[in-house]
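# Structural description and commentary
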Amino acid sequence: METTSTPTHCPYCALQCGMNLSPTPEGGVEVTERADFPVNRGALCGKGRTAPAVLSSRVRLTSPLVRSGGTLVPATWDEALDRIAGELGRIRAEHGPDALGVFGGGGLTNEKAYALGKFARVVLGTSQIDYNGRFCMSSAAAGGIKAFGLDRGLPFPLEDIPRTGCVILVGSNLAETMPPSLRFFSELRENGGTLIVVDPRRTKTAEQADLHLMPRPGTDLALALGLLHLVVAEGRVDEEYVRERTSGWEEARAAAMAHWPEHVERITGVSVPQLRETVRMFCEPEAAMVLTARGPEQQSKGTDTVGAWINLCLATGRAGRPLSGYGCLTGQGNGQGGREHGQKADQLPGYRKLDDPAARRHVAGVWGVDPDSLPGPGRSAYELLDAMGTDIRSLLLMASNPVVSAPRAAHVEERLGSLDFLAVCDVVLSETAALADVVLPVTQWAEETGTTTSLEGRVLLRRRAVTPPEGVRSDLEVLHELAARLGVEKGFPTEPEEVFDELRRASAGGPADYSGITYRRLAEENGVFWPCPAPTEAAGAAAATGAAGTAGTPRTAGATGTETAAGAGTAAAAAGAGGGEDTGSGVFPDASTHDGAGAVRPDAVTPGAVHPGTPRLFLDRFATDDGRARFVPVSHRPAAEEPDAEYPVLLTTGRVVAQYQSGAQTRRVAELNAAAPGPFVELHPRLAARLGAAEGDPLAVVSRRGRAVAPARITSGIRPDTVFMPFHWPGEGRANTLTNPALDPTSRMPEFKVCAVRVEIAGS
């Protein structure tokens, strides 16, 4: 029996905790501690510890399934692949390429996300591809690009958090959604820093806070504007920073001044003294951070809300400086990498824009196709799902379960049923897979090698530790076989490292440049932070001339003499960094290597040097044309759906510690189900008393889109005007039956986090 442990990473959230997989006498694997990975230092939550349970053939798919006579029955791989290729070819011939939809997932490795985007555009010729990550980080990504010119979830490593002076954590219950990260915030407080948590519920995370603000759901934008108003009124603006490193301040200032404290208190329910205390705690230390998660982002004004929190950071000089900045706590396992390499509706690899002619030329050159053959941008995730059965006649879906996870889920389920053809690639027979015409069983995390990119922007190597069951193939093999059947016999390799090497070439010169990253480096260095361009003899010329990147992105040279994305920064915080892998840390730009603008001097460039990666962004300049961060003027507006006489209560949704996303995997683990067996409705005692409800009573929560039933969980740790439901379960307790698909105009994010409902005792 093989006794060697395999170092790898957890399959669940964006922390991508390090773990070892060790063989068991029974022939399986168990998780053992991997203390050398700096993010979790060996610690794991229950989901990570029990992850091997889903590898069991007892709970996962091991044979293709094909619908026959209304029933899914086992089939051979050739039968299943022939059926898919035949149907896709037929529908394309009859209705055109945009009748073919493709839907990906934030859990796919970088290699698979890249190959899926290439398959959609090169083989199918369709513009209709998006992925479930649109439902997670799209508002933060849009806000970051508007302000900084670049989206990377965290512009600094997690290890910087304990060294800062204050963190405002907005709409994150990380104690349950990513428990190993809580230690960074505990260390922050141990070091004398403060933690402010913004959440309408008193969560396990809020219990750790020095100050807990409980705004009405949907009012985070007003809250951020009210804080900025006070920063101005109290003379706390960093005028020199604003003058030297930003643009657009006067317009943003004028918008904020319309949100005076008493007005904001009426909107949010957060008292004026709490607003003032928040400003004091945030502004008094030399360094501070704002971190947002799904709470403020999953709103129909999520992009503006993120922009308001970024404006607060910019006005106080807390961005692009050591131990300060705005960051987004990316959720899904490869939520960061999944939005960088082409499975988004408007995107090409390297975080390039699909409508940028230079980007199209570069990527088409790597792919060996005519740039004019690439389709343009398509529909966003919910809009794609909503168009099924009308404009979109078939769907190829990988690593997603929209029957449970999409907003207005009953409608999405009905739309899936109206398709001419649905093919699903998954590890398990999810609720969505159960509706398919063909289901393909594919490998999962421990059975394949590939890369993911964590919430820090750290590219990581997952390693194959076990052999998949007979009858299971990888997603890369699926795409290779389908491409061949549809007439494209080359360009879709099945070996992950070969795909990654092509991804590196496709990303070269783009905002998310992976060209200097190799599997060997990832294994030796415990991950590499992007951007990390490949060594180039032309680096000196690029530094001297300010040469543009391939996709038109402004560039600046890095401290090693290689080319990095504009504003990536070549220096790290003076405090340095732990973990040993952070070779770019501890160096500040100085007169010997940098000019007055923070750019590398041409005579300091060393052509051909290996780039160390970029743990910290924006220390020299931001990734905008002029190197300045942009204030974006925003104003508060109500949620798309406000309470009224018929629907007088607000619903917000979220996760619990023992389940993950749609629950397709975690609901198959006995230990996790014992800890979180089903949905519930969390409500305040005052609301429960009005309803006459007791703990455990079945409650019906009704919105304009449907009805969900779950037992009451009564707690004073939630606002009296709000109820909370976790969204991991299908059936009558499906929270997303209720949620509102109203979309943010920029990010196209649905409004998961706030809608109007009424609550009643079921059966009354």
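Residues numbered from 1 in each chain as written. Predicted model: local features only at pLDDT ≥ 70, side-chain atom pairs only at ≥ 80, totals over all residues. Heavy atoms only, no water.

### A look at the environment of A762
Our working rule: By the criteria applied, helices consist of DSSP H or I runs no shorter than four residues and strands consist of E runs no shorter than two, each listed in order from the N terminus. Think of it in three bands: residues with accessible area under 20% of the maximum for their type are buried, residues over 50% are exposed, and the middle band is partly exposed, with areas taken using a 1.4 Å probe on protein chains only. Note on definitions: a residue-residue contact is assigned when non-hydrogen atoms from the two residues lie within 4.5 Å.
The topology assignment puts A762 in the segment after β32 (755–761). Exposure remark for A762: the relative accessible area of 24% places this residue in the partly exposed category. Separated by 64 residues in sequence, A762 and P698 place their C-alpha atoms 5.5 Å apart. Once residues within four sequence positions are removed from consideration, A762 is found in contact with P698, L699, A700, R707 and V709.

### Structural notes on the packing of aromatic side chains
To keep things clear, this is the line we draw: Each Phe, Tyr or Trp ring (for Trp, its six-membered ring) is paired with any other whose centre lies within 6.5 Å, and the angle between the two planes then decides the class: stacked below 30 degrees, edge-to-face above 60, tilted in between. As a reminder, the over-ring test applies to NZ of lysine and CZ of arginine, requiring each to be within 6 Å of the ring centre and within 35 degrees of the ring normal.
Throughout the structure, instances matching the rule amount to 11 aromatic pairs. Consider the rings of Y12 and Y660, whose centres lie 5.2 Å apart with planes at 65 degrees: the pair is edge-to-face. Of this pair, Y12 sits in the loop between β1 (6–9) and β2 (18–23) while Y660 sits in the loop between β25 (649–654) and α22 (670–675), and the two are 648 residues apart along the sequence. Its relative accessible area of 3% is what places Y12 among the buried residues. With a centroid separation of 4.9 Å and 45 degrees between ring planes, the pair formed by W249 and F631 is classed as tilted. On the criterion of sequence distance, the pair formed by W249 in helix α9 (residues 249–257) and F631 in the loop between β24 (629–630) and β25 is long-range, its members being 382 residues apart. The rings of F148, F618 and F622 are connected pair by pair, giving a single aromatic cluster. Sitting over the face of the ring of F184, R183 holds its NZ or CZ atom 4.0 Å from the ring centroid.

### Observations regarding the sheet that holds strand β3 (residues 29–32)
Basically, it comes down to this: Between any two strands, pairing holds if DSSP finds at least two bridges. Every axis in this analysis is a line fitted to C-alpha atoms, fitted for helices over the stretch in contact. Angles between the N-to-C directions lie between 0 and 180 degrees.
In spatial order, the strands read β1-β2-β3; together these 3 strands make up an open sheet with antiparallel pairing. At either margin of the open sheet sits one strand with a lone partner, and together these are β1 and β3. If you compare each strand with its neighbour and ignore which way they point, the axes differ by 40 degrees on average. Bridge count between β2 and β3: 4 bridges; the pairing is antiparallel. Its bridge partner being in β3, S22 is matched across the sheet by E30.

### A closer look at the side chain of T126
Selection criterion: Under the rule applied, a polar contact is a pair of N or O atoms within 3.5 Å (in protein, one hydrogen donor and one hydrogen acceptor; residues adjacent in sequence only if both atoms are side-chain atoms).
Along the chain, T126 turns up in the loop between α3 (110–124) and β7 (129–131). Accessibility expressed as a relative area gives 0% for T126, which makes it buried. In this structure the side chain of T126 is engaged in a polar contact, spanning 2.7 Å, whose partner is the backbone oxygen of L100. In this view, T126 contacts P97, D98, L100, V102, A120, R121 and P375; residues no more than four positions away in its chain are not counted.

### A short note on unusual backbone geometry
A cis amide bond links W530 with the next residue in sequence, P531, at an omega value of 0 degrees. Structurally, the position occupied by P531 is in the loop between β21 (528–529) and α21 (539–545). Phi angles above zero are rare outside glycine, and R748 is one such case at about 65 degrees. Within the element layout of this structure, R748 appears in the loop between β30 (740–743) and β31 (750–751).

### Comments concerning the nonpolar core
For the record, the criterion: The criterion is simple. A nonpolar core is a set of buried Ala, Val, Leu, Ile, Met, Phe, Trp, Tyr and Cys residues joined through side-chain atoms within 4.5 Å.
Counting residues in hydrophobic clusters, the biggest one holds 116 residues, and the most contacted among them are F119 and F148. Sequence-distant contacts of F148, that is, excluding residues within four places in its chain, are made with I310, L314, A319, Y326, F618, F622, A623, T624 and A629. V29, V197, A209 and A293 belong to the second-largest nonpolar core, a separate cluster that totals 54 residues.

### Examining the pairing of strand β8 (residues 166–170)
Where burial is concerned, most of β8 is hidden: 5 out of the 5 residues are buried. Along β8, one buried face is formed by C166, I168 and V170 and the opposite face, lined by V167 and L169, is buried too. By the bridge criterion, 5 bridges tie β8 to strand β9 (residues 194–198) in an arrangement that is parallel. Bridge pairing links V167 to L195 in β9.

### Description of the pattern of salt bridges
Note the following rule: Only one rule defines a salt bridge in this text: a Lys or Arg side-chain nitrogen within 4 Å of an Asp or Glu carboxyl oxygen.
Considering all chains together, one arrives at 45 salt bridges under this definition. Residue E448 is joined to K112 by a salt bridge in which the shortest nitrogen-to-oxygen separation is 2.8 Å. Residue E448 is found in the loop between β18 (438–441) and β19 (450–453), and its partner K112 is found in helix α3; the two are separated by 336 residues along the sequence. A residue is classified by how much of its surface remains accessible, and E448, at 11% relative accessible area, is buried.

### What about the packing of helix α7 (residues 220–233) against helix α10 (residues 261–268)?
Each packed pair of helices is defined by two parameters, the angle between the axes and the distance between the axes. We apply this condition: Angles below 35 degrees are treated as roughly parallel, those above 145 as roughly antiparallel, those between 65 and 115 as roughly perpendicular, and all remaining angles as oblique. Take the far helix as the reference: if the near one is turned anticlockwise from it by less than a right angle, the crossing is left-handed, and if turned clockwise, right-handed. Nonpolar residues are Ala, Val, Leu, Ile, Met, Phe, Trp, Tyr, Cys and Pro. Charged residues are Asp, Glu, Lys and Arg, and all others, Gly as well, are polar.
Running from N to C, α7 and α10 point in directions that differ by 165 degrees, and their axes come no closer than 9 Å. Considering their axes alone, α7 and α10 lie roughly antiparallel with respect to each other. In terms of crossing hand, the pair formed by α7 and α10 is left-handed. Contacts from A222, L223, G226, H229 and L230 of α7 reach α10 at P261, V264, I267 and T268. Taken together, the residues of the contact of α7 with α10 break down into 6 nonpolar, 3 polar and no charged.

### A few points about the pairing of strand β29 (residues 722–726)
With 5 of its 5 residues buried, β29 lies for the most part within the structure. Covered by surrounding structure in β29 are T722, F724 and P726 together with V723 and M725, the residues of both alternating faces.

### Examining a negative patch on the surface
Here is the rule: Patch membership requires more than 30% relative accessible area and the absence of a salt bridge. Residues of like charge join within 9 Å; the nonpolar side chains Val, Leu, Ile, Met, Phe, Trp and Tyr join within 5 Å. The accessible surface values rely on the Shrake-Rupley method and a 1.4 Å probe; as for residues, cover is taken only from the protein chains in view. The sign given to each residue is positive for Lys and Arg and negative for Asp and Glu; His and the chain ends receive no count. Taken as the charge location is NZ of Lys, CZ of Arg, CG of Asp or CD of Glu.
On the surface, a cluster of negative charge is contributed by E477, E495, E497 and E498. Positionally, E497 belongs in helix α19 (residues 496–507).

### A closer look at the sheet that holds strand β20 (residues 458–462)
Pairing within the open sheet is antiparallel, and its 3 strands lie in the order β19-β20-β21. At either end of the open sheet lies a strand with only one pairing partner, and these are β19 and β21. When β19 meets β20, the two strands line up antiparallel, connected through 4 bridges. Pairing of G450 across the sheet is with R462, part of β20. Set on the sheet, α3 makes contact with β19 and β20; between it and β19 the angle comes to about 95 degrees.

### What about helix α11 (residues 272–283)?
Our working rule: By definition here, a helix of n residues has an expected span of 1.5 Å times n minus one.
With 12 residues, α11 should cover 16 Å at 1.5 Å per step; its first-to-last C-alpha distance of 17 Å lies within 8% of that length. All of the buried residues in α11 are V272, L275, T278, V279, M281, F282 and C283.

### A word on the packing of α3 against α19
Packing of α3 against α19 brings their axes to within 9 Å, and their N-to-C directions diverge by 65 degrees. Regarding the angle of α3 to α19, the classification is roughly perpendicular. Both α3 and α19 take part in a crossing whose hand is left-handed. Of the residues in α19, those touching α3 at N110, E111, Y114 and K118 are P496, V499, F500, E502, L503 and A506. Per-class residue counts for the contact of α3 with α19 are 6 nonpolar, 1 polar and 3 charged.

### So, helix α18 (residues 475–485)
For clarity, the threshold we go by: Arc definition: directions from the helix axis to the C-beta atoms.
When α18 is considered as a whole, its buried residues turn out to be D475, L476, V478, L479, L482 and A483. Down the axis of α18, the smallest arc covering the buried residues is 155 degrees, so these residues share one side. Here the buried face of α18 lies against α2 (77–95), α3, β16 (394–398), β17 (421–426), β18 and α19. Backbone geometry just downstream of α18 places G487 in the positive-phi region, at approximately 100 degrees.

### Looking at the state of the cysteines
How we decide: Pairs of cysteine sulfur atoms within 2.5 Å are identified as disulfides in what follows.
Per the stated rule, a full pass over the model turns up 0 disulfides. Here C328 is not disulfide-linked; the sulfur of C136 is the nearest cysteine sulfur, at 9.4 Å. Look at C328 and you get buried, because its relative accessible area is 2%.

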